Amino acid sequence: MISPLLANVYLHVVLDKWFAEVVAAHCRGKVMLIRYADDFIIGCQHEEDARRIMKVLPQRFAKYGLEVNTEKTKLVDFTRPRCDTGLNGSGGKPGTFSFLGFVYYWGKTFKGGYTVKRKTEGKRLRRSMQSFWRWCRDNRHRPVEEQFRILCAKLRGYYQYYGVRCNSPCLDLVFYTAERAWRYWLNRRGGRKLTWQAFGKLMAKFTLPRPRIMQPWV
């Protein structure tokens, strides 16, 4: 598709160069910009810098005939929590934000400190589970070997993207949904229904790939 390509070219001038040459030079603390196509996040060391950028960003976009999506744009206090209380500098719980299908949040480490963790965004998780369910329903009359091959490819593709550190619970949920959906719709192919014992034998022959963490570190 050409749209992402045009967005990259256009936003390189509208956002990237402007941020590097103008915004960063006028901020009191450190700032950073991470952008993928038309989705981006801006990190600021100081709240006052973040508020100033939030104020001028719509004006910058309007200059080039663009608009900021106000429903998706928000200011988040993502300060690292204090280990003794779990609260940020303002006495509240640190916020979270979504980016490219993941929710970013502060989570505990085994040593008692805090680190940035990621998990699948709720709506993306539900969409994936529904997608596996629909696929198994719509393709239940295909040969079992063919269903197995395609389901394996779909699951491996899912793990490749969402298989990040700390996201195992979401991966497990998608895996068990796919496995349950496959059994459910195989049972509705006609004839005798599969018992758990029969399904176990089928799974022994056609074992779906279990979740794997493909990207251990952020």
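What you see is a predicted model; the values in this text were computed from it and never measured.

A.B. asks: Whenever I open this one, the overall build of the protein confuses me. Can you help?
C.D. replies: Along the backbone of the protein there are six helices and five strands. Listing every helix and strand of the protein by position from the N terminus yields α-β-β-α-β-β-β-α-α-α-α. Taking 2.2 N^0.38 as the reference for a compact globule, 218 residues should give roughly 17 Å; the C-alpha atoms of the protein span a radius of gyration of 23 Å, well beyond that estimate. Projected onto its principal axes, the C-alpha positions of the protein cover 70 × 50 × 25 Å. Intrachain contacts of the protein at a sequence separation of at least 6 include 54% that bridge at least 24 residues. Approximately 14300 Å² of the protein is accessible, and the part contributed by carbon and sulfur atoms is 54%. The protein carries 41 positive and 17 negative side-chain charges, and their two centres are separated by 9 Å.

A.B. asks: Looking at this model, I keep getting lost on unusual backbone geometry. Mind explaining?
C.D. replies: Note on backbone geometry: most residues besides glycine have negative phi, and most peptide bonds are trans. Its identity as a non-glycine residue notwithstanding, A37 has a phi of 55 degrees, on the positive side. Within the secondary structure, A37 is located in the loop between β1 (31-36) and β2 (39-44). A37 sits in the buried class, given a relative accessible area of 15%. Positive phi values are uncommon outside glycine, yet L100 reaches one of about 55 degrees. The residue L100 is located in the loop between β3 (97-99) and β4 (102-108) in this model.

A.B. asks: It is not clear to me how the environment of L15 should be interpreted in this structure. Could you clarify?
C.D. replies: Turning to its location among the elements, L15 is positioned in helix α1 (residues 3-26). For the pair L15 and F40, spaced 25 residues apart in the sequence, the C-alpha separation amounts to 9.7 Å. With sequence-adjacent residues up to four places away left out, L15 is seen in contact with L33, R35, F40, L57 and F61.

A.B. asks: What is the right way to read the pairing of strand β5 (residues 114-120) from this model?
C.D. replies: When a strand is regular, its side chains alternate between the sheet's two faces. When β4 meets β5, the two strands line up antiparallel, connected through seven bridges. Note on β5: the bridge partner recorded for Y105 is K117. In this antiparallel pair of consecutive strands, β4 and β5, the connection spans five residues, and G112 shows a positive phi of 95 degrees.

A.B. asks: Help me out: how do you make sense of helix α2 (residues 47-63) in this one?
C.D. replies: An α-helical turn contains 3.6 residues, so a residue and the one three or four places further along point in the same direction. Taking 1.5 Å of rise per residue, the 17 residues of α2 would be expected to cover 24 Å, and the 25 Å separating its terminal C-alpha atoms lies within 8% of that figure. At V56, α2 shows its largest kink, close to 30 degrees, and the proline P58 lies no more than four residues downstream. Of all the residues in α2, the buried ones are D49, A50, I53, L57, R60 and F61. Once α2 ends, the next one or two residues include G65, with phi positive near 75 degrees.

A.B. asks: Would you mind showing me how to read the state of the cysteines here?
C.D. replies: Chemically, a disulfide is nothing more than a covalent bond linking the sulfur atoms of two cysteines. Evaluated as defined, the whole model comprises zero disulfides. As a non-bridged cysteine, C152 has C136 as the owner of its nearest cysteine sulfur, 11 Å distant.

A.B. asks: Sorry, what's going on with helix α4 (residues 144-162) here?
C.D. replies: Counted at 1.5 Å a residue, the expected span for α4 with its 19 residues is 27 Å, and the 26 Å between its end C-alpha atoms agrees. All buried positions along α4 are accounted for by V144, Q147, F148, L151, C152, L155, Y158, Y159 and Y162. Each buried residue of α4 sits inside an arc of 130 degrees when the element is viewed along its axis, so together they form one side. Contacts from the buried residues of α4 go to β4, β5, α3 (122-138), α5 (168-186) and α6 (196-205).

A.B. asks: Explain the sheet that holds β5 to me, please; I cannot follow it from the model alone.
C.D. replies: The pairing of strands in a sheet happens through backbone hydrogen bonds and is either parallel or antiparallel. Read from one edge of the open sheet, three strands run β3-β4-β5, paired in antiparallel fashion. Two strands lie at the open edges of the sheet, namely β3 and β5, each paired on one side alone. Across the sheet, the mean angle from the axis of one strand to that of its neighbour is 40 degrees, orientation sign disregarded.

A.B. asks: What is the right way to look at the pairing of β2 in this model?
C.D. replies: Bridging between β1 and β2 involves six bridges; their strand directions are antiparallel. By the bridge assignment, M32 is partnered in β2 with G43. Taken together, β1 and the strand that follows it, β2, pair antiparallel across an intervening segment of two residues, in which A37 is found at a positive phi of about 55 degrees.

Cut-off values and rules
Residues numbered from 1 in each chain as written. Predicted model: local features only at pLDDT ≥ 70, side-chain atom pairs only at ≥ 80, totals over all residues. Heavy atoms only, no water. Helix = DSSP H or I, 4+ residues; strand = E, 2+ residues; numbered from the N terminus. Rg over C-alpha atoms; globule rule 2.2 N^0.38 Å. Contact = heavy atoms within 4.5 Å. Areas by Shrake-Rupley, 256 points an atom, 1.4 Å probe, with all protein chains shown as cover. Lys, Arg positive; Asp, Glu negative; His and termini not counted. Charge placed at Lys NZ, Arg CZ, Asp CG, Glu CD. Buried < 20%, exposed > 50% of the residue type's maximum accessible area, 1.4 Å probe, protein only. Pairing = 2+ DSSP bridges. Expected span 1.5 Å × (residues − 1). Bend = angle between axes of the 7 residues up to and from the residue. Disulfide = S-S within 2.5 Å. Arc of directions from axis to C-beta. Axes fitted to C-alpha atoms, helices over the stretch in contact; angles between N-to-C directions.

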